[in-house]
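Secondary and tertiary structure notes
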Amino acid sequence: MKVSRLLLTSLCGAAFALTVPATAHAAYKAEYKLSTVLGNAFPWGQGAERWAQLVKERTGGRINIKVYPGAALVNGDQTRELTSMRQGGIDMAVGSTINWSPQIRQLNLFALPFLLPDYAALDALTQGRVGTELFGVMEKAGIVPLAWGENGFRELSNSKREIRNPADLKGLKIRIVGSPIFNETFSTLGANPTQMSWADAQPAMASGAVDGQENPLSLFSAAKLNTVGQKYLTLWGYMADPLVFAVNRKVWASWSPADQKIVAQAARDAAREQIKLARAGISGQDNATLRAIGAQGVKVTALTPAEKATFARAARPVYDKWAQRVGTGLVKQAETDIAKR
Ligand code: X2X
């Protein structure tokens, strides 16, 4: 009797274990809403779709993610994405550090003008101690960050003239993202910055309400910014925005440990692929995207190191002021890791 009860208990246990995915987590939602700014014509949106696909496959459809591009879950107001994810209006996101930096001051690190000389520097931060520390900060802010992706180095375009030094920027109306450090950087460099969402930026360029913008080349190319008057493109690499693959804390807690592991691994796998896509055609041996932009009649200007240094000097007051806000310890760590890359 004793033995058979034991047997029965363990049999029940085994049966229970087998049915856990289907029954024990009845709180799983039919659909998880994932926010991005850019859709699947761009590496950013492709990375989000890939994450959703991998999770669906590896959970046998238990976790079903739908991607909402255009920051649609916050009516296009991309700087509210993080707040909405904290509050539960958004379940998951692949979001830019720029759009989350108004709420998490440490994420302004990547926007310190000319902190990042190259991809190796960016990788040294996201894949090193600084990246781990920033994940800790984001966790404290109430979200679960899982992997770093990439929007990319942001290059400057405009409809008026070639830009080689700060004097050329003078008075140009430049669309910037709704994050304060951008306002200060572009004002300090002599431009006339205007904050607006990405959704509003393209019509503003088309109508001439703004003269220029700054965004990665993958975006310039896929959004065909040459067709909205962007005729001059300056490669100055003044900053790069990583993306963060993240989940709302309550949603995360509602998943079984096994499913959490799957979602986290899928985020890392999708992010690795996404970074490759973000760099394709614009870096290393492969500059096909850059050549295609040139072939569309856009005048591409690559700054010399001396010209870049002139911009960096002009923007230095912004760097110094914002290093205090980001946290001098974190900035020092970043500078050290970049120097050692
Ligand atoms: O709005 C932008 O410039 C974009 C699409 O790059 C971001 O969301 C940061």
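This text gives an overview of the structure that appears in the document. The residue numbering used here restarts from 1 in each chain and proceeds along that chain's sequence as written. Restriction of local features to residues with pLDDT of at least 70 applies here, the model being predicted, together with a cutoff of 80 or more for giving and counting side-chain atom pairs; totals for whole chains, interfaces and linings are based on all residues. Excluded from the side-chain calculations are hydrogens and water; all other atoms, namely the structure's heavy atoms, are used.

Note on definitions: angles span 0 to 180 degrees between N-to-C directions of axes, and those axes are lines fitted to C-alpha atoms, for helices only across the stretch in contact. Comment: elements are numbered from the N terminus, with helices defined as DSSP H or I runs of at least four residues and strands as E runs of at least two. At a minimum axis separation of 9 Å, helix α6 (residues 129-140) and helix α15 (residues 328-339) run at an interaxial angle of 150°. Relative to α15, α6 is oriented roughly antiparallel. In this structure, α6 contributes Arg129, Val130, Glu133 and Leu134 to the contact, and α15 contributes Leu330, Gln333, Ala334 and Asp337. Of the residues belonging to the contact of α6 with α15, the class tally is four nonpolar, one polar and three charged. Any angle that is under 35 degrees is reported as roughly parallel, and any over 145 degrees as roughly antiparallel; angles of 65 to 115 degrees are reported as roughly perpendicular and all others as oblique. Residue contacts follow a heavy-atom distance rule, with two residues in contact if any of their heavy atoms lie within 4.5 Å. When residue character is reported, Ala, Val, Leu, Ile, Met, Phe, Trp, Tyr, Cys and Pro are called nonpolar, Asp, Glu, Lys and Arg charged, and the others, Gly included, polar.

Turning to the site of the ligand, a few remarks are in order. Surrounding the ligand, one finds 13 residues, the nearest of these being Gln78, Asn99, Arg154, Arg175 and Asn215. Between the ligand and Asn151, the relevant distance is 3.1 Å, taken from an oxygen atom to a side-chain nitrogen or oxygen of the residue. We call two N or O atoms a polar contact when they sit within 3.5 Å, provided that within protein one can donate a hydrogen and the other can accept it, with sequence-adjacent residues counted only if both atoms are side-chain atoms. Side-chain polar atom of Arg175 to an oxygen atom of the ligand: 2.7 Å apart, as the coordinates give it. Per-residue and other accessible areas were derived by the Shrake-Rupley procedure at a 1.4 Å probe size, with only the shown protein chains allowed to occlude residues. Burial of the ligand by the protein amounts to 100% of the accessible area it has alone, namely 270 Å². For the shell around the ligand, a count of residues per class yields five nonpolar, five polar and three charged. Marked domain ranges trace back to an automatic or database domain assignment. If you count residues domain by domain, the shell around the ligand takes at least three from each of domain 1 (29-152 + 241-279) and domain 2 (155-239 + 287-339). Residues are classed as near a molecule or strand on a simple rule: at least one heavy atom within 4 Å of it.

Structurally, the position occupied by Asn158 is in strand β5 (residues 155-158). For every residue, the accessible area (1.4 Å probe, protein chains only) is compared with the maximum for its type, and the residue is labelled buried under 20%, exposed over 50%, or partly exposed between those bounds. A relative accessible area of 1% means that Asn158 is categorised as buried. Leaving out residues up to four positions away in the same chain, Asn158 has contacts with Ile163, Leu172, Asp211, Gly212, Gly229, Gln230, Lys231 and Tyr232.

Time to look at the sheet that holds strand β2 (residues 65-68). Adjacent strands of a sheet pair through backbone hydrogen bonds, lying either parallel or antiparallel. The pairing criterion for strands is at least two bridges between them, as found by DSSP. Across the sheet, which stays open at both edges, the five strands sit in the order β2-β1-β3-β10-β4 with mixed pairing between neighbours. Each of the sheet's edge strands pairs with one partner strand only, and the pair in question is β2 and β4 (143-153). Neighbour-to-neighbour, the strand axes of the sheet open up by a mean angle of 20°, direction not taken into account. Where strand β1 (residues 32-35) lies against strand β3 (residues 92-96), two bridges are found, and the strand directions are parallel. By the bridge assignment, Leu34 is partnered in β3 with Met92. Running over the sheet, helix α5 (residues 119-126) touches β4 and β10 (240-248) and is turned about 175° from β4. This element, α6, spans β4 and β10 of the sheet and lies at about 125° to β4.

What follows deals with α6. Here the expected length of a helix is defined as 1.5 Å per residue gap, with one fewer gap than residues. For α6, spanning 12 residues, the distance from its first C-alpha to its last is 17 Å, which sits close to the expected 16 Å at 1.5 Å a residue. Burial in α6 covers these residues: Val130, Gly131, Leu134, Phe135, Val137 and Met138. Along the long axis of α6, the arc covered by the buried residues comes to 160°, so they all point the same way. Exposed side of α6, more than 90 degrees from the buried face: Thr132 and Lys140 are the residues found there. The secondary structure elements touched by the buried residues of α6 are α4 (97-100), α5, β4, β10 and α15. Just downstream of α6, Gly142 is the residue with a positive phi angle, here 100°. Along the arc lie the directions from the helix axis toward the C-beta atoms.

Function cannot be read off these values alone, since they describe shape.
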